[in-house]
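Structural description and commentary
If you want the building blocks of each chain, they are given just below.
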Amino acid sequence: MKIGVLTGGGDCPGLNAVIRAVVRKSDAQSSRVVGLRNGWKGLLDPSPMDLDSRMVSGILHVGGTVIGTSRTNPFKDAAGPEKALKNFKLLGLEALIAIGGEDTLGAAAKLYERGLPVVGVPKTIDNDLYGTDFTFGFDTAVSIATDAIDRIHTTAESHNRVMVVEVMGRHAGWIATYAGIAGGADVILVPEIPIDLDEVCDMILRRHSRGKSFSIVVVAEGAQFIEKPGGDRDLIVQESQKDEFGHVRLGGISQVLSKAIERRTRYETRFVVLGHVQRGGSPTAHDRVLATRFGVFATEMVHQGEFGKMAALQGNRIVAIPLAEATSQLKTVDMEIYGIAKGFFG
Ligand code: F6P
C-alpha cells in the first residue's frame, strides 16, 4: 500500500514523532510512505518525498516537521479540490494521513466526502480540537509557558511589578488555564470569558492590599475585553490580513492590558509575549508518547480502511471518531478546570 502523509497549519512539537510512527508501522506492514511537503500544498503542487525507516531515524525528539507545513487551503480556489484528488491519483497513493488542527482536518473532512481516503491525526498546541481529550503539542506548550511564568515570577517580585504574560490560544484558553494554574498566576484571562478590566484591577488591588507587592496575569492572545479600553470589543491583532482559512494574525493584547492595568492601579506593569517559543523545540515525553500512539493508531486505521475518521484520545484510549464530528465545533476550556484556577485568583 502507498500512503501519503502531510502536516498542515501551525507547526507543533511532536509532528516528527507522528511521522516516524507512521513510517515505522507502515514499514512493518510492507507499505510505502510518501511525505507531501508543506501541508495541502503538497497535493496541489506536489514535490513528494519518499520516507523510510532510515530517513525518520533520529527525529522522535526533534521539534517542527521534516516534511514542512503551511496554511494552504485546498478549498480556497474552486479548482483546488479536484486538483488535489487528481494529484493524489497521479502520485499512485491509496490513502492519506493528514496531521493537523481544525483547518487542516476540516479540509480533510470535505475531501473525504469527495472520495479521498483520508485519516486524521489531531495536532494543535491550542488543544481546541473537539472529540479528543488532548492534542499532542499542548503539553509541551504548557511546559514552556509554565517555565516562562516561573522565571517571570522572580523578576516581578524583585521589581514589585505586575507582569502580563501573553500565551497562544486563538479560540480557546487551554494553554493560559493550564500554564496559569501550574505557574500560580494571580489572574488568568481566556477567550471564553470577556475581560472585565474593573474586575481584573480589583483583584490586583486586593492582592496588593494583602501585602503582596507583585502580580502575574496570564492572558490568551484571543481573549477580548467586554469593552476595549478606548473603544470597541474586537480581537487585538498584529495583522488584519487574513490567511487562507480566514484567520487574522493575533497578538498584542498583553500590551493593551498592561497599559490599562498600570493606568488604573498605578502599579508599574510590564508585558511579555511568549509567541512562537511555545511551538518550538523538543516535545515533552508525554507528547512524544501521545504522538507515537496517534501515529501507530492512524496507520492501523488506514490498513483497516477506516477512512473519514480521526484518531482521538478519550480517557486513556485512542479511538476513531468521524472527522465530520471532530471538526463540527471547537473544544473550549472546561469551566470546571477554569473554576479551579479562579479559586487562586487575587
Ligand atoms: O495554530 C495554533 C496557533 O498556535 C495559534 O494559537 C496562533 O494564533 C497561531 O497558531 C499562530 O500562527 P502563525 O504561525 O501563522 O503565526
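Residues numbered from 1 in each chain as written. Predicted model: local features only at pLDDT ≥ 70, side-chain atom pairs only at ≥ 80, totals over all residues. Heavy atoms only, no water.

1. Regarding the domain arrangement of the protein
Basically, it comes down to this: Domain ranges listed in this record stem from an automatic or a database domain assignment. Contact criterion: two residues are considered in contact whenever any of their non-hydrogen atoms come within 4.5 Å of each other. When two parts are brought into contact, each loses some accessible area as probed by a 1.4 Å sphere; the total of that loss over both is the buried area. Salt bridges, as used here, are contacts in which a Lys or Arg side-chain nitrogen is within 4 Å of a carboxyl oxygen on Asp or Glu. Here a polar contact means two N or O atoms within 3.5 Å. Within protein one must be a hydrogen donor candidate and the other an acceptor candidate, and residues neighboring in sequence count only if both atoms are side-chain atoms. For helices the rule is a DSSP run of H or I covering at least 4 residues; for strands it is a run of E covering at least 2, with both sets numbered from the N terminus onward. We call Asp, Glu, Lys and Arg charged. Ala, Val, Leu, Ile, Met, Phe, Trp, Tyr, Cys and Pro are nonpolar, and the rest, Gly among them, are polar.
The domain architecture assigned to the protein consists of domain 1 (2–136 + 283–326) and domain 2 (139–280). The C-alpha-based centres of domain 1 and domain 2 are spaced at 32 Å. With 19 residues of domain 1 at the interface, the matching set in domain 2 holds 19 residues. Together domain 1 and domain 2 conceal approximately 1800 Å² of surface at their shared face, both sides included; 54% is due to carbon and sulfur atoms. Counting across the interface, domain 1 meets domain 2 through one salt bridge. Arg 279 is paired through a salt bridge with Asp 11; the nearest N and O atoms lie 2.9 Å apart. For the pair domain 1 and domain 2, the interface holds ten residue pairs in polar contact (both at pLDDT 80 or more). Going through the elements one at a time, α4 (102–113) and α9 (285–303) are the ones with two or more residues in the side of domain 1 that touches domain 2. Each residue belonging to the side of domain 1 that touches domain 2 can be placed in one class, and the counts come to five nonpolar, six polar and eight charged.

2. Notes on the pattern of salt bridges
Quick note on the threshold: Residue burial is assigned from relative accessible area. The probe radius is 1.4 Å, only protein chains are included, and a residue is buried under 20% of its type maximum, exposed over 50%, and partly exposed in between.
Per the stated rule, a full pass over the model turns up eleven salt bridges. The partner of Lys 41 in a salt bridge is Asp 45, and the shortest N-O contact between them spans 3.7 Å. Assessed through its relative accessible area of 37%, Lys 41 is described here as partly exposed. Glu 268 is paired through a salt bridge with Arg 161; the nearest N and O atoms lie 3.4 Å apart. With Glu 268 in the loop between α8 (253–265) and β11 (269–273) and Arg 161 in the loop between α5 (138–159) and β6 (162–167), the pair connects residues that are 107 residues apart, well separated along the chain. Taking the relative accessible area as the measure of exposure, Glu 268 reaches 34% and is therefore partly exposed. With a relative accessible area of 13%, Arg 161 lands in the buried category.

3. Describing the site of the ligand
Operational definition: Being near a molecule or strand, for a residue, comes down to having at least one heavy atom within 4 Å of it. Residue exposure ignores everything except the shown protein chains as possible cover, and the areas themselves are Shrake-Rupley values with a 1.4 Å probe.
Close to the ligand lie Arg 71, Ile 125, Asp 126, Met 168, Gly 169, Arg 170, Glu 221, His 276 and Arg 279. At 3.4 Å from an oxygen atom of the ligand is found a main-chain nitrogen or oxygen belonging to Gly 169. A distance of 2.6 Å separates an oxygen atom of the ligand from a polar atom in the side chain of Glu 221. Expressed as a share of its isolated accessible area of 400 Å², the protein-covered part of the ligand is 81%. Its residues assigned to classes, the shell around the ligand shows two nonpolar, two polar and five charged. Among the domains, domain 1 (2–136 + 283–326) and domain 2 (139–280) are the pair contributing at least three residues each to the shell around the ligand.

4. Overview of the sheet that holds strand β1 (residues 2–7)
Adjacent strands of a sheet pair through backbone hydrogen bonds, lying either parallel or antiparallel. Using the following cut-off: The criterion for strand pairing is that DSSP finds at least two bridges linking the strands in question. Where helices are involved, their axes are fitted lines through C-alpha atoms of the stretch in contact, as for all axes, and angles between N-to-C directions lie from 0 to 180°.
Strand order in the open sheet formed by seven strands is β3-β2-β1-β4-β5-β12-β13, with mixed pairing between adjacent strands. Across the chains shown, the open sheet's two edge strands, defined by having one partner strand only, are β3 (49–51) and β13 (317–322). The sheet shows a mean angle of 30° between the axes of neighbouring strands, direction not considered. Pairing between β1 and strand β4 (residues 95–100): five bridges, direction parallel. Residue pairing across strands places Thr 7 opposite Ile 99, the latter belonging to β4. Its contacts with the sheet put α9 on β1, β4, β5 (118–122), β12 (309–314) and β13, and the angle it makes with β12 is roughly 140°.

5. Some points on the nonpolar core
Filter applied, for reference: Throughout, nonpolar core names a set of buried Ala, Val, Leu, Ile, Met, Phe, Trp, Tyr and Cys residues whose side chains join them through atoms within 4.5 Å.
Phe 136 and Leu 257 are the most contacted members of the largest nonpolar core, which totals 80 residues. The leading source of residues in this core is α5, at eight residues. Of the residues that make up this core, three or more belong to each of domain 1 (2–136 + 283–326) and domain 2 (139–280). Once you skip the residues sitting within four places of it in the chain, Leu 257 turns out to touch Val 164, Leu 189, Ile 195, Leu 197, Val 217, Val 219 and Phe 225. Listed in part, the 27 residues of the second largest apolar core include Val 34, Phe 75, Phe 88 and Leu 129.

6. Details of the packing of helix α7 (residues 197–209) against α8
To be explicit about the condition: Working definition: roughly parallel below 35 degrees, roughly antiparallel above 145 degrees, roughly perpendicular at 65 to 115 degrees, and oblique for all remaining angles. In a left-handed crossing the near helix is turned counterclockwise from the far helix by less than a right angle, and in a right-handed crossing that turn is clockwise.
Direction vectors running N to C along α7 and α8 enclose 60°, while the axes themselves pass 10 Å from each other. In terms of orientation, α7 and α8 fall into the oblique class. Helix-helix and strand crossings are classified by hand; for α7 and α8 the assignment is right-handed. Residue-level inspection shows Leu 197, Asp 198, Val 200, Cys 201, Ile 204 and Leu 205 of α7 in contact with α8, the latter providing Leu 257, Ala 260, Ile 261, Arg 264 and Thr 265. In terms of residue class, the contact of α7 with α8 is made up of eight nonpolar, one polar and two charged.

7. Some details on the packing of aromatic side chains
What counts here: For Phe, Tyr and Trp, rings pair up if their centres lie within 6.5 Å, where Trp contributes its six-membered ring, and each pair is then called stacked (planes under 30 degrees apart), edge-to-face (over 60) or tilted (otherwise). For a lysine, the NZ atom is tested; for an arginine, the CZ atom; a charge sits over a ring if that atom is within 6 Å of the ring centre and within 35 degrees of the ring normal.
Tallied over the entire structure, the rule returns six aromatic pairs. Ring centres 5.9 Å apart and planes at 20° place the aromatic pair Phe 134 and Phe 138 in the stacked group. Ring plane angle 50° and centroid distance 6.2 Å describe the contact between Trp 174 and Tyr 178, whose orientation is recorded as tilted. You can see Trp 174 and its partner Tyr 178 sitting in helix α6 (residues 174–183), four residues apart, about one turn around the helix. On the basis of relative accessible area, Tyr 178 is assigned to the partly exposed category, the value being 26%. By the ring-pair criterion, three or more aromatic residues cluster together here, those being Phe 134, Phe 138, Trp 174 and Tyr 178. It is Lys 110 that lies over the ring of Phe 75; its NZ or CZ is 4.3 Å from the centre.

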